[in-house]
Amino acid sequence: MHSIRFQFLAFISVIMLVLLILLNILPIASSRDLVFEEKRDSLSSQAAVIASSLSGLERLSQESITEVLRILDITGFSRMVVTDAEGTVLYDDGGRTGVTTELEDILTALSGKTVFRSLFADSAFSSAYAMPVSSQGSTRGAVYLTEYDTERARIILDIQSEIRVMSVTLVLIVLVVAVIIFNLLLRRMQELVRSMRIVAGGDYSHRLAVRGQDELAELGNEFNLLTQRLDETERQRRRFVSDASHELKTPLASIRLLADSIVQSENIDMDTAREFVTDIGNEAERLQRTTEKLLDLSRLDDGVQVLPEPVDVKQVSLDALVMLRPLAEEKQVKIRSELAEGCVVMANTDDMFHIIFNLTENAVKYNVPGGSVRLILKGDEEHIYLTVEDTGIGIPEEDRLNIFSRFYRVDKARSREAGGSGLGLSIVHDAVLAHGGTIAVGQNKPQGSRFIVSFPRPTSEETGI
Ligand SMILES: Nc1ncnc2c1ncn2[C@@H]1O[C@H](COP(=O)(O)OP(=O)(O)O)[C@@H](O)[C@H]1O
Ligand SMILES: [Mg+2]
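Residues numbered from 1 in each chain as written. Chains lettered and ligands numbered in written order. Predicted model: local features only at pLDDT ≥ 70, side-chain atom pairs only at ≥ 80, totals over all residues. Heavy atoms only, no water.

> Give a detailed account of the overall build of the protein, specifying residues and quantitative values.
Helix and strand counts for the protein come out as eleven helices and twelve strands. A compact globule built from 465 residues would reach a C-alpha radius of gyration of about 23 Å, whereas the protein, at 52 Å, exceeds it by more than 25%. Seen through its principal axes, the protein has C-alpha atoms that stretch 160 × 55 × 35 Å. Of all intrachain contacts in the protein linking residues separated by at least 6 positions in sequence, the fraction that spans at least 24 positions is 66%. Carbon and sulfur atoms make up 56% of the accessible area of the protein, which totals about 27,300 Å². For the protein, the distance from the average position of its 49 positive side-chain charges to the average position of its 67 negative side-chain charges is 5 Å. (Helix = DSSP H or I, 4+ residues; strand = E, 2+ residues; numbered from the N terminus. Rg over C-alpha atoms; globule rule 2.2 N^0.38 Å. Contact = heavy atoms within 4.5 Å. Areas by Shrake-Rupley, 256 points an atom, 1.4 Å probe, with all protein chains shown as cover. Lys, Arg positive; Asp, Glu negative; His and termini not counted. Charge placed at Lys NZ, Arg CZ, Asp CG, Glu CD.)

Right, here's the structure in full:
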């Protein structure tokens, strides 16, 4: 559970450690190298001056060398040794050493090469420089200079300890601040996790208190949105289940009542019995219609789509109108249709039939005797439009938003009387959307309703025609 914290701490510690090491090594190393350079420069130039002065001497001896050095007056070293070509010491000022004189260096110098060594140890720079003294192409001896410098060393050591103190403090501060910030982030993440658990436990009304504006806040907001969606879906589901059970309960109750009355009437005459049984049959039929529609809806909900096929909307409209003719006659409603040719939509014939049938059925059902219904099909370059107009009772403005909801009826009694389930328009709505269309409802002049459905006109590639 705390592995993120562990990972983070390990990561930061490693980085800080590397930083610490680099900070403490690199500056010291490069300033030490600078001092080495400087030592080489100063010793080599001094040795060069001395060597060239000595090479002008006729004979190298203790006295002549002392004399030359007195005139040159060079003081930038700790000790000077001069030897002859065989390596015998001719001159040694016996200066303060701390640097050992290496015979090997002198021999190298006598072989014609210069030697430089410098060492930073024991709080001091110990440097040595050996150089041949030559004239007319032959080596006559060697100059050997050594230097022992504690001052530079101290400055560098001081800087080193300052850097050490500063970098350690800095690293500690960074670590502490990082841990604090990280813990704050972690706490907010834990709050999110806690909220997720609460919601997962079924409390969809729970909301996370989001603080700040950073990415975690964004995550929190998204989480809240998600929870809200869940909440809505869950509420819809519950309402749907309760509406559906209610819808099924009413006809079932009538059936039981009718059945009971038949059973309990002592000597019921045949006509009454037949009437009751007919009623039972009607209620059963209504139950059947409702369950069929519920199945249609759940199929649309699942989004289980058969591949869309080219559907000739005119043909489907004619089929639906044939089915509706008896109802229209019964209601004394006239149906007129204006159906353009060549209106093809990529959809599913059954769904298209449901759409046209339900809209036209409503237009007939919620009409007045002597009223009329108009079914218009037309298309332009990009769309196919299907309009169903009626001169009926109309839909009050405040109900228009709701009529596509499941089980919603403007006038419950009237709908039930007409055998309605309140599911027709929600099926229409879902089916239209499932096939990429749109549906709008408005008022018909001077009275009645108008539903307009539009679908995108498929390209000839899509229809394959
Ligand atoms: N053309 C219309 N004119 C007036 N009211 C309508 C029309 N179409 C639908 N309605 C109203 O919308 C409600 C929902 O319609 P619908 O979903 O088809 O259910 P149903 O027809 O089973 O009652 C209906 O009960 C009715 O009140
Ligand atoms: Mg209907």
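> Can you lay out the sheet that holds strand β5 (residues 138-149) for me, pointing to particular residues and giving the numbers?
Taken together, the five strands give an open sheet; going across it, the order is β2-β1-β5-β4-β3, and neighbouring strands pair in antiparallel fashion. Single-partner strands in this sheet number two, and they are β2 (89-92) and β3 (115-121). Each strand of the sheet is rotated relative to its neighbour by a mean of 15°, with strand direction disregarded. Judged from the three bridges that link them, strand β1 (residues 79-84) and β2 form a sheet pairing that is antiparallel. Across the sheet, valine 81 pairs through a bridge with aspartate 92, a residue of β2. In the packing of helix α3 (residues 103-110) onto the sheet, contacts are made with β1, β3, β4 (124-135) and β5, and the angle to β5 comes to roughly 140°. (Pairing = 2+ DSSP bridges. Axes fitted to C-alpha atoms, helices over the stretch in contact; angles between N-to-C directions.)

> Break down the site of ligand 1 for me, citing the residues and quoting the values.
Near ligand 1 there are 22 residues, and of these Tyr366, Ser415, Ser421, Gly422 and Leu425 occur at the shortest range. Glycine 422 is positioned such that a nitrogen or oxygen atom in its backbone is 2.7 Å from an oxygen atom of ligand 1. The separation between an oxygen atom of ligand 1 and a polar main-chain atom of glycine 424 is 3.3 Å. Taking 530 Å² as the accessible area of ligand 1 by itself, protein coverage stands at 98%. Of all the secondary structure elements, the ones that give two or more residues to the shell around ligand 1 are α8 (349-365), α10 (424-434) and β12 (449-456). The biggest single contributor to the shell around ligand 1 is α8, with three residues. Partitioned by chemical class, the residues of the shell around ligand 1 number ten nonpolar, eight polar and four charged. (Near = heavy atom within 4 Å. Polar contact = N/O pair within 3.5 Å; in protein donor to acceptor, adjacent residues only side chain to side chain. Nonpolar A, V, L, I, M, F, W, Y, C, P; charged D, E, K, R; others polar.)

> Outline the pattern of salt bridges, listing residues and values.
A full pass over the atoms with the stated rule returns 24 salt bridges. The residue glutamate 234 makes a salt bridge to arginine 237 at a minimum N-O spacing of 2.9 Å. Here glutamate 234 and its partner arginine 237 are both found in helix α5 (residues 215-264), three residues apart, which amounts to about one turn of the helix. Note that arginine 238 is salt-bridged to glutamate 234, the shortest N-O span being 3.4 Å. Linking arginine 238 with glutamate 234, this pair stays in helix α5, spanning four residues, or about one helical turn. Overall, arginine 238 belongs to the exposed group, its relative accessible area being 51%. (Salt bridge = Lys/Arg side-chain N within 4 Å of Asp/Glu carboxyl O. Buried < 20%, exposed > 50% of the residue type's maximum accessible area, 1.4 Å probe, protein only.)

> Break down α3 for me, citing the residues and quoting the values.
Taken together, the buried positions of α3 are occupied by Asp105, Ile106, Ala109 and Leu110. Projected down its long axis, α3 carries its buried residues within an arc of 140°, all on one side. Within α3, the exposed residues directed more than 90 degrees away from the buried face are Leu103 and Glu104. Where the residues of α3 are buried, they touch β1, β3, β4 and β5. One or two positions beyond α3, positive phi appears at glycine 112, with a value near 105°. (Arc of directions from axis to C-beta.)

> If you had to explain the domain arrangement of the protein to someone new, which residues and values would you point to?
Frequently, the measure chosen for interface size is the accessible area that the parts lose on association. Per the domain assignment, the segments of the protein are domain 1 (3-158), domain 2 (215-298) and domain 3 (305-463). Between the C-alpha centres of domain 1 and domain 3 the distance comes to 104 Å. (Domains from an automatic or database assignment.)

> Describe the packing of helix α6 (residues 270-302) against α10, and please don't skip the residues or the numbers.
Close contact between α6 and α10 brings their axes to 10 Å; oriented N to C, the two are set at 25°. Here α10 runs roughly parallel to α6, going by the angle between their axes. Seen along the crossing, α6 lies across α10 with a hand that is left-handed. On α10, the residues touching Lys293, Asp296, Leu297, Leu300 and Asp301 of α6 are Ser426, Ile427, Asp430, Ala431 and Ala434. In terms of residue class, the contact of α6 with α10 is made up of five nonpolar, one polar and four charged. (Parallel < 35°, antiparallel > 145°, perpendicular 65-115°, else oblique. Left-handed = near helix turned anticlockwise from the far one by under 90°.)

> Please set out the sheet that holds strand β11 (residues 438-443) residue by residue, giving values where relevant.
Strand order in the open sheet formed by five strands is β7-β9-β10-β12-β11, and the pairing between neighbours is mixed. In the strand order of this sheet, the two ends are held by β7 (334-339) and β11, each with one partner. Sheet twist, expressed as the average angle between the axes of neighbouring strands with direction ignored, equals 10°. Here strand β10 (residues 383-390) pairs with β12 via seven bridges, running antiparallel. Looking at β12, one finds that leucine 386 is bridged to valine 453. Contacts from α10 reach β11 and β12 within the one sheet, and its direction differs from that of β11 by about 135°.

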